[in-house]
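Structure assessment
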Amino acid sequence: MHDGSALNLVEMTPDGLTSGVIPLQDTPPPPAPSDSDQAGSLLRPGDTCWRVERADRMAVIVDAQDYFRTLKHALLNARHQVLLIAWDFDTRIRLEPDKDQPTPKGAPDKLGRYLAWLIRGRPDLQVHVLKWRFSGLWGLMRGMTPLWILNLMSGRRLHYRVASDHPLGACHHQKIVVIDDRIAFCGGIDITAERWDTRGHLDDDPRRRGPGPKLYEPYHDMTAIVDGDAAKSLGDLARLRWFHATGEKLPVPPRDADEKDVWPEKLQSLFDCPMVGIARTQPAFSGQEEAVEIERLWIAAIRAAKRHIYIEAQYFACRRIGKALVERLEEPDGPEIVVINPTVANGWLEEAAMGRARDHIMNALCALDPDGKRFACYAPVTPKGIRIYVHAKLLIVDDQILRIGSSNMNNRSMGVDTECDLAVALGRDSADEEGRVRLRALRDGLIAEHLGISLPLAARTIDEKGSLIAAIEALRQPKGKTLIPVNCQEVNAAETYLVEQALLDPERPRFPFQSFFHRLDWGWARRRRARRMKRDGHSLR
């Protein structure tokens, strides 16, 4: 199969949604913006984002210990409306399992009881929780009370609903919390079981359990927090999501005359007064228009890279992102690419779909960079060699572009599931200098976390080497908390069929069994794999 093959696939065109047999030729994104206009041209409403709004402050919160604590205290400022949009949500989890005496004094620590406690002390507060319907099945298996029963028990101001307004095989994957349209969280952390962990990711942490007695493995994730007009727009998106799922229109919360600053006191901002792009993935369904802004944002950001592309992702399986990375690696002076992934996906089915797609993409990248000078994929492990499960969804390009949100680096997050990401693009002028310094510190701090070293050591080594890969190779150790290479694995014929038919990871919604009758264009990956096999003296199986 070659580039430009006709596929029986629903595809988005500039004028709208077109269905039928069309030639799926990956439309090249617009040229990479220059340094002088990068912020203005990367974030384009209606193309790479839904809206671009000003935030007074924006921060990134790494790992759920800090997120759950920050969220718990931010909810204390709620007066009128709390919106929680979730893939999964578990009322039984503790928000501060690391404290014998949770704060504030007298408040319950379990999520469901805490929300009910908030309602009792605030007569004007309404809390709305929307969860993907089918994740509720897993909640029942874990012993969680069904949401419809919780809804009956919770009174008139705490509303639990489930959402199933999506095409067959899709899911609602957004993770958004909005408080009075004044502060909002958006990222990859579900407020559910088996998410809480510290940045230390200890081998045997007794606090990393439950609900129930079972301990779970170390877990790495992150989310973003914004205020200002960006928070208000996330409120608009959450209310729209609620309306499509339930048919109920929620009011915009009023603004109080005596409003105080609700930004968390101890949380340092990453950016001050940034323009924040809000990007979505949304399949066309029941009057909802298709949106593929996240896919376009990813490709545009990769095209804009000058020196470094740093990715933390649960999967490395998106065909179009993989192709964009291959194109950059083909450039003799293109950027280096570092991907942080878990060692393996969760469960045999995910590994069969996402793991084999990762191998497909990595074989193409490794064929272009056999010495590993410009591409590397690593997985974090604990001192005992236990995997740290990476659930983060982060992209940092150079020291100018940040993208963080709910979307995975797989096909379905680009066109099948509902997703929400945030992005900031900084310029090269002096006005954005402090933001660039802080963005580098975020990236270097994540590398330091994974290697079990200090931020100053990581930053100094990166500066000395001039390369993320060279620095990681110099700093990672054979023992202790570290990063281990994820090596290219060969993909057999059956696995190739599974990946290229996209049976488990489609790019757009499909009718049942449609996947069996067409194949996505992976020719670019197979050609480079053949080149690598020929170079290494192997024959293709």
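Everything quoted here is computed from the prediction, not taken from an experiment.

**Description of the overall build of the protein**
For the protein, the helix and strand inventory stands at 15 helices and 24 strands. The contacts of the protein with a sequence gap of at least 6 include a subset with a gap of at least 24, amounting to 76%. When the accessible area of the protein is evaluated, it comes to approximately 21900 Å², of which 54% is carbon and sulfur surface.

**Digging into the nonpolar core**
Of all hydrophobic cores here, the largest spans 54 residues; its most connected members are Met-58, Val-226, Leu-234, Tyr-310, Leu-402, Leu-422 and Leu-442. With 6 residues, the top contributor of residues to this core is helix α6 (residues 228-246). Beyond its immediate stretch of four places on either side in the chain, Leu-442 contacts Val-60, Val-62, Leu-270, Ile-396 and Leu-402. Judged by nonpolar contacts, the second largest core, of 42 residues, contains Ile-302, Leu-329, Leu-365 and Phe-375.

**Quick look at helix α14 (residues 493-500)**
All of the buried residues in α14 are Thr-496, Val-499 and Glu-500. Mapping the buried residues of α14 onto a view down its axis gives an arc of 90°, with all of them on the same face. For α14, the capping residue at the N-terminal end is Asn-492, with a side-chain oxygen 2.7 Å from the backbone nitrogen of Glu-495. Backbone geometry just downstream of α14 places Ala-502 in the positive-phi region, at approximately 55°.

**Some points on the packing of helix α12 (residues 455-465) against helix α13 (residues 468-475)**
Packed helix pairs are characterised by how far apart their axes lie and by the angle those axes make with each other. As a packed pair, α12 and α13 sit with axes 8 Å apart at the nearest point and diverge in direction by 125°. By the angle class used here, α12 and α13 are oblique. Judged by the sense of rotation from one axis to the other, the crossing of α12 with α13 is right-handed. Contact with α12, carried on its side by Leu-457, Ala-458, Thr-461, Ile-462 and Lys-465, involves Leu-468, Ala-470, Ala-471, Ala-474 and Leu-475 of α13 and no other residues of that element.

**Looking at the sheet that holds strand β13 (residues 222-227)**
The 8 strands lie next to each other as β9-β8-β7-β10-β11-β13-β6-β14, forming an open sheet whose pairing is mixed. Strands at the two margins of the open sheet, each flanked by one partner only, are β9 (158-163) and β14 (271-272). The pairing of strand β10 (residues 176-179) with strand β11 (residues 183-187) spans 4 bridges and is classified as antiparallel. Within β11, the position partnered with Val-177 by the bridge is Phe-185. Seen against the sheet, helix α3 (residues 111-121) touches β8 (126-132) and β9 and runs at an angle of roughly 135° to β9.

The rules behind each value
- Residues numbered from 1 in each chain as written.
- Predicted model: local features only at pLDDT ≥ 70, side-chain atom pairs only at ≥ 80, totals over all residues.
- Heavy atoms only, no water.
- Helix = DSSP H or I, 4+ residues; strand = E, 2+ residues; numbered from the N terminus.
- Contact = heavy atoms within 4.5 Å.
- Areas by Shrake-Rupley, 256 points an atom, 1.4 Å probe, with all protein chains shown as cover.
- Core = buried A, V, L, I, M, F, W, Y, C linked by side-chain atoms within 4.5 Å.
- Buried < 20%, exposed > 50% of the residue type's maximum accessible area, 1.4 Å probe, protein only.
- Arc of directions from axis to C-beta.
- Polar contact = N/O pair within 3.5 Å; in protein donor to acceptor, adjacent residues only side chain to side chain.
- Axes fitted to C-alpha atoms, helices over the stretch in contact; angles between N-to-C directions.
- Parallel < 35°, antiparallel > 145°, perpendicular 65-115°, else oblique.
- Left-handed = near helix turned anticlockwise from the far one by under 90°.
- Pairing = 2+ DSSP bridges.

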